[in-house]
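Summary of the model geometry
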Amino acid sequence: MIAHYGYQDAEGEFFITIDTDRCARCDGKPCVAACPRGVFTVEEDPYGETVVAVDDRRRKRLKYECAGCKPAGDRPPLPCVRACPWGAMTHSW
Ligand code: SF4
Ligand code: SF4
């Protein structure tokens, strides 16, 4: 399943997209530990697979939660994306 977490406002679209089929096969779920803001949680999906999701409390705050990883100038690789061995995660902004 392709899961989209985030929101749109006057400033833009702020979504994290996760291919949870890949998460189900991912040992250790390294994106969770890689995120300095604790954006991700591990949960069971409707099919009984263990996958990663964006924490409920952070879904409407992603622009702010991720600001430290996204400086206005040169942007280094995002810790969460870099940690993912399956290329399962993308950010819209
Ligand atoms: S590291 Fe990638 S594949 Fe593994 S749980 Fe996180 S997003 Fe899913
Ligand atoms: S960009 Fe940074 S704060 Fe945002 S989810 Fe990825 S690691 Fe976490």
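All of the points below concern the structure found in this document. This structure is a prediction, so every number in the text was calculated from the model and none was measured.

Glancing now at the pattern of salt bridges. Counted by the stated rule, this structure contains eight salt bridges. Ionic pairing is found between Glu 65 and Arg 61, a salt bridge with its closest N-O pair at 3.2 Å. Under the relative-accessibility criterion, Arg 61 is labelled partly exposed at 39%. Overlapping salt bridges bring together Arg 37, Asp 55, Arg 57, Arg 58, Arg 61 and Glu 65 as one network.

With that out of the way, let us pick up the nonpolar core. If you look at the biggest cluster of nonpolar residues, it comprises 21 residues, and the most contacted ones within it are Ile 16, Ile 18, Val 39, Phe 40, Val 54, Leu 62 and Met 89. Only strand 1 (2-9), strand 2 (12-19) and strand 4 (50-54) provide two or more residues apiece to this core. The biggest single contributor to this core is strand 4, with four residues. Ignoring anything within four residues of it in the chain, the contact list for Met 89 reads Ile 16, Thr 17, Ile 18, Cys 31, Phe 40, Cys 80, Val 81 and Cys 84.

A few words on the side chain of Thr 20. With respect to the helices and strands, Thr 20 occurs in helix 1 (residues 20-24). Here Thr 20 is in contact with Met 1, Ala 3, Val 51 and Val 52, once residues within four sequence places are set aside.

Neighbouring ligand 1 are Arg 22, Cys 23, Cys 26, Lys 29, Pro 30, Cys 31, Val 52, Cys 84, Pro 85, Trp 86, Ala 88 and Met 89. Across the shell around ligand 1, the residue classes tally to 10 nonpolar, no polar and two charged.

As summarised here, the arrangement of the three strands in space is 1-2-5, forming an open sheet in which the pairing is antiparallel. Each having just a single partner strand, strand 1 and strand 5 (89-91) make up the two edges of the open sheet. Here the strands of the sheet are splayed against their neighbours by 5 degrees on average, with no regard to which way each runs. Pairing of strand 1 with strand 2 involves eight bridges; the strand directions are antiparallel. Note that in strand 2 the partner of Tyr 5 across the bridge is Ile 16.

The rules we used
- Residues numbered from 1 in each chain as written.
- Chains lettered and ligands numbered in written order.
- Predicted model: local features only at pLDDT ≥ 70, side-chain atom pairs only at ≥ 80, totals over all residues.
- Heavy atoms only, no water.
- Salt bridge = Lys/Arg side-chain N within 4 Å of Asp/Glu carboxyl O.
- Buried < 20%, exposed > 50% of the residue type's maximum accessible area, 1.4 Å probe, protein only.
- Core = buried A, V, L, I, M, F, W, Y, C linked by side-chain atoms within 4.5 Å.
- Helix = DSSP H or I, 4+ residues; strand = E, 2+ residues; numbered from the N terminus.
- Contact = heavy atoms within 4.5 Å.
- Near = heavy atom within 4 Å.
- Nonpolar A, V, L, I, M, F, W, Y, C, P; charged D, E, K, R; others polar.
- Pairing = 2+ DSSP bridges.
- Axes fitted to C-alpha atoms, helices over the stretch in contact; angles between N-to-C directions.

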